[in-house]
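Results of the structural survey
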Amino acid sequence: MKGASERVRSSTARLAWGVVDGVIWAVAVVAATFLRFQYDLDATFVANTFIAAGAAAAAHFLIGLVVGPYRRGVQRGSFDEVRDLAVTTGIVTLLLFAVTVSLEMTRPELDVLLPGTVPPIAGLAAYSVQMATRLLFRTHHQRRATRRENSVPVIVFGAGSAARLLVRSLLHDDKSPYHPVALLDDDRSKRRHRLEGLKVRGTRADIEQVARSTGATQLVIAIPSATAQTVRELRTAAEKAGVHPLVVPPMSQVIGRGLTARDIRDINLADLLGRHPVHLDESAIARQLTGRVVLVTGAGGSIGAELCRQISRYNPARLVLLDRDESALHAVQLDLDGEGLLQNDNIVLADIRDLPTLRARFAEHEPEVVFHAAALKHLPLLERFPSEAWQSNVLGTLNVLTASAEFGVETFVNISTDKAADPTSVLGYSKRLAERLTAGFAQSGRGRYISVRFGNVLGSRGSVVPAFTAQIQQGGPVTITDPDVERYFMLIPEACQLVMQAAAIGSSGEVLVLDMGEQVKILELAETLIAMADRPGIEIRFTGLRPGEKLSEELFSLHDEHRSTDHPLVMATDVPPIGARVVSDLHPIATEVHSVLVGLAAVSREVQPSMPGSATDLSRSTT
């Protein structure tokens, strides 16, 4: 019922505008005739003038119903209406001129309907007045919209195409909770430009002044392509000015429908980290996974579980979930299948440290593609217990590699970390060694063995965001090692998508490095989470860097030569391969594990740290 009444109102409005435009045409014909006869009233106000005026008005109304602005609903003053009105006015002008000239030539005994100069003059005058009328209407409507009760006054930052779409939508949507009162843009060439009647009133430096003069309480960042750094800077500037920052989504998410008030939202971590949707080569990934038996180690972890979710979309012949944590397997099965009975054959409870069990499970399932996500990853714990890193990250990886090679796996993907680039921690050394082992197996020539290296993953189990969130909920303090520490971050789905992409395009022996964008200061991340939780009084406490920890991470070692791949977000590099025998023959006692890891992980003698002689000799013989 409501929709029908709105359609009736729209139709009535269009017809009303047709009547107004017809009256304008009639007045324009009389005025043009008055000018033509040099203000002679007797020559102007004759029957022919009024006949021509009425005919022009009727013709404009009828033609407008067929091809012009009254045929469909358009926004007043929009490009579509300007075009339709110009076409309609042009057709009426030509018809009036043709009739006038035709009668003058074919019926000379009759009085001329109009002088030949009147139709073009009247047409130009009518079009100008029609457009002026619409401009006045639109200006009045916009001013009325900006005074809409119960709507929030906002400053729109940006004066590009996205801002134009947003401002137009906010001004003409009577149900919008926001109304724009000013524009800002850092491009000084846009100073004093207007969008939909709103003027650009300055740059980010003017946020506070403009907010005070307009009463705005929110700042909408209407730059869908804004970098993470820009969003962070604008958020900080807005908060200093006492206004709440908001953003609009990337244009790729609103193509075909435009921006509306519903698209405006609070800034989230993805905006601050600059992570955008990943465009995948779906066909290449499908060729790699569809109809294949795929096995994922560490399937119960954050990365492993998300990998399983995304791999399942490509319809593998079987997806085998392997983990030593039965609770984690239960959770991922519940997520994938909607049941948690743990009775399916594809659920495998096994430890990668146990090579005989791995061989039995590989013989049972005969996987064709293996994603190796199982690992220990907590840096401070592994500094205290390096033998655990050796057992899981090194020997465990070697066991999975060995089983994969023995049972003819076609593609093996080792999930690595940015800490493997110029490592300084036990975690980094062990993961660097896992990369070198994977490169060593690639030399066998059977199957593809690749590693994928990326940084921290937002929201993964045990990562900094859940830790900060828990500390904030407990009232603080939020603990950070150093005010200058910074890290690369990715979203879990994004990381897993690029891992699958890397598996599809990587060459055997390569280490594929995912584009991590810009490093983000952990202090900024903590401040953002505190602000998002609306807990401004939470204390931030600095505890000092832990052993093996860096202020900043690298994606490539100093000696790594990297190159581009077929995907713009994936780079490739090489690491020196190491043979399985060199590692498997070592059985270091706990006090020697750290030195052995350092020695085996080192790339060359030049970058090798000092260590006991036995480890130094070992690294020289294997690098």
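To be clear, the structure that these remarks concern was listed above.
Residues numbered from 1 in each chain as written. Predicted model: local features only at pLDDT ≥ 70, side-chain atom pairs only at ≥ 80, totals over all residues. Heavy atoms only, no water.

**Some thoughts on the overall build of the protein**
Looking only at helices and strands, one finds 22 helices and 22 strands in the protein. Counting across all 623 residues of the protein, residues that qualify as buried make up 49%. For the protein, long-range pairs separated by at least 24 residues make up 74% of all intrachain contacts whose partners lie at least 6 apart in sequence. Element-wise, carbon and sulfur atoms account for 55% of the exposed surface of the protein, whose accessible area totals about 28,700 Å². (Helix = DSSP H or I, 4+ residues; strand = E, 2+ residues; numbered from the N terminus. Buried < 20%, exposed > 50% of the residue type's maximum accessible area, 1.4 Å probe, protein only. Contact = heavy atoms within 4.5 Å. Areas by Shrake-Rupley, 256 points an atom, 1.4 Å probe, with all protein chains shown as cover.)

**With respect to the pairing of strand E18 (residues 510-514)**
Summarising burial for E18: five of the five residues are buried, a large majority. By the alternation rule, side chains of E18 split into Glu510, Leu512 and Leu514 and Val511 and Val513, which are all buried. Of the strand pairs in this sheet, strand E13 (residues 448-454) and E18 are connected by three bridges, and their pairing is parallel. Across the sheet, the residue bridging to Arg453 is Val513, located in E18. In this structure, E18 lies alongside strand E22 (residues 570-574), joined through five bridges in antiparallel fashion. Residue pairing across strands places Val513 opposite Met571, the latter belonging to E22. (Pairing = 2+ DSSP bridges.)

**Examining the sheet that holds strand E11 (residues 369-372)**
Taken in spatial order, the nine strands make up an open sheet running E10-E9-E8-E11-E12-E13-E18-E22-E21, and their pairing is mixed. Two strands close off the open sheet at either side, each with one partner strand: strand E10 (347-349) and strand E21 (563-564). Examined bridge by bridge, strand E9 (residues 318-323) and E10 share three bridges and lie parallel to one another. Residue pairing across strands places Leu321 opposite Ile347, the latter belonging to E10. Strands strand E8 (293-297), E9, E10 and E11 of the sheet are contacted by helix H13 (residues 355-365), whose axis makes an angle of about 170 degrees with E9. (Axes fitted to C-alpha atoms, helices over the stretch in contact; angles between N-to-C directions.)

**Some remarks on the packing of aromatic side chains**
All chains considered together, the criterion is met by three aromatic pairs. Pairing Phe362 with Phe407 gives two aromatic rings, centres 6.4 Å apart and planes at 40 degrees, and the pair type is tilted. You can see Phe362 sitting in helix H13 and its partner Phe407 sitting in the loop between helix H15 (386-406) and strand E12 (411-417), a full 45 residues away along the chain. The class for Phe407 is partly exposed, based on a relative accessible area of 31%. An aromatic cluster of three or more residues is present, and its members are Phe412, Phe441 and Tyr449. (Phe/Tyr/Trp six-rings, centres within 6.5 Å; stacked < 30°, edge-to-face > 60°.)

**What to know about the pattern of salt bridges**
Under the definition given, this model contains 18 salt bridges. With a shortest N-O distance of 4.0 Å, Lys521 and Asp484 are connected by a salt bridge. Here Lys521, found in strand E19 (residues 520-521), pairs with Asp484, found in the loop between strand E15 (478-480) and strand E16 (486-487); they are 37 residues apart in sequence, far enough to count as distant. Among the residues examined, Lys521 registers a relative accessible area of 31% and is labelled partly exposed. With its nearest N and O atoms 3.4 Å apart, the salt bridge here joins Arg541 to Glu539. Relative accessible area serves as the criterion here: at 40%, Arg541 is assigned to the partly exposed category. (Salt bridge = Lys/Arg side-chain N within 4 Å of Asp/Glu carboxyl O.)

**A closer look at unusual backbone geometry**
A negative phi angle characterises most non-glycine residues, just as the trans form characterises most peptide bonds. Going from Gly476 to Pro477, the amide bond is cis rather than trans, its omega being 0 degrees. Here Pro477 shows up in the loop between helix H17 (464-473) and E15. One non-glycine residue with positive phi stands out, namely Asn315, at about 55 degrees. Positive phi, close to 45 degrees, is recorded for Asp422, a residue that is not glycine. With respect to the secondary-structure elements, Asp422 resides in the loop between E12 and helix H16 (426-442).

**Re the sheet that holds strand E5 (residues 218-221)**
The five strands are arranged E2-E1-E5-E6-E7 in an open sheet whose pairing can be described as mixed. Taken across any chain shown, the strands that pair with only one partner, and hence form the sheet edges, are strand E2 (178-184) and strand E7 (265-266). Looking at chain direction, strand E1 (residues 152-157) and E5 are connected through four bridges and run parallel. Bridge pairing in E5 links Val156 to Val220. Sitting on the sheet, helix H6 (residues 161-172) is in contact with E1, E2 and E5, with an inclination near 145 degrees to E2. Of the strands in this sheet, E1, E5 and strand E6 (244-247) are in contact with helix H8 (residues 228-240), which crosses E5 at around 170 degrees.

**With respect to the environment of Thr411**
Looking at the secondary structure, you find Thr411 in strand E12. For Thr411, a relative accessible area of 3% corresponds to the buried category. Sequence-wise, Thr411 and Ala504 are 93 residues apart; in three dimensions their C-alpha atoms are separated by 9.0 Å. Residues within four places of Thr411 in sequence aside, it is in contact with Gln288, Glu368, Val369, Val370, Arg448 and Ala503. Here the side chain of Thr411 touches Gln288 through a polar contact of 2.7 Å, side chain to side chain. (Polar contact = N/O pair within 3.5 Å; in protein donor to acceptor, adjacent residues only side chain to side chain.)

**Brief notes about the nonpolar core**
Across soluble globular proteins, nonpolar side chains have a tendency to be buried as a group. In terms of nonpolar packing, the biggest core is built from 45 residues, with Leu289, Leu307, Ile311, Phe371 and Phe454 touching the most fellow members. Residue contributions to this core peak at eight residues, all from helix H18 (residues 492-505). Judged by nonpolar contacts, the second largest core, of 37 residues, contains Phe362, Val394, Val426 and Val596. (Core = buried A, V, L, I, M, F, W, Y, C linked by side-chain atoms within 4.5 Å.)

**Considerations on H17**
Among all positions in H17, only Val465, Phe468, Gln471 and Ile472 are buried. The arc that holds every buried residue of H17, seen down its axis, measures 130 degrees, which confines them to one face. Phi turns positive, to about 95 degrees, at Gly475, one or two residues after H17. (Arc of directions from axis to C-beta.)

**Considering the side chain of Asn414**
Looking at where Asn414 falls in the secondary structure, it is placed in strand E12. For Asn414, a relative accessible area of 0% gives the class buried. Not counting residues within four places of it along the chain, the set of residues in contact with Asn414 comprises His372, Thr397, Lys431, Ala434, Glu435, Thr438, Ile450, Ser451 and Val452.

**Here's the deal with the packing of helix H11 (residues 302-312) against helix H12 (residues 326-337)**
As a packed pair, H11 and H12 sit with axes 10 Å apart at the nearest point and diverge in direction by 25 degrees. Comparing the axis directions of H11 and H12 gives the class roughly parallel. With respect to the hand of their crossing, H11 and H12 are arranged in right-handed fashion. Note on element contacts: H12 touches H11 through Val332, Asp335 and Leu336, opposite Ala305, Cys308, Arg309 and Ser312. Taken together, the residues of the contact of H11 with H12 sort by class into four nonpolar, one polar and two charged. (Parallel < 35°, antiparallel > 145°, perpendicular 65-115°, else oblique. Left-handed = near helix turned anticlockwise from the far one by under 90°. Nonpolar A, V, L, I, M, F, W, Y, C, P; charged D, E, K, R; others polar.)

**Some remarks on the side chain of Asp185**
By the secondary structure assignment, Asp185 is in the loop between E2 and strand E3 (194-195). The class of Asp185 is buried, set by a relative accessible area of 10%. Only 2.8 Å separates the side chain of Asp185 from the backbone nitrogen of Ala159, close enough to count as a polar contact. Sequence-distant contacts of Asp185, defined by excluding residues within four places in its chain, comprise Phe157, Gly158, Ala159, Lys190, Val200, Gly202 and Thr203.

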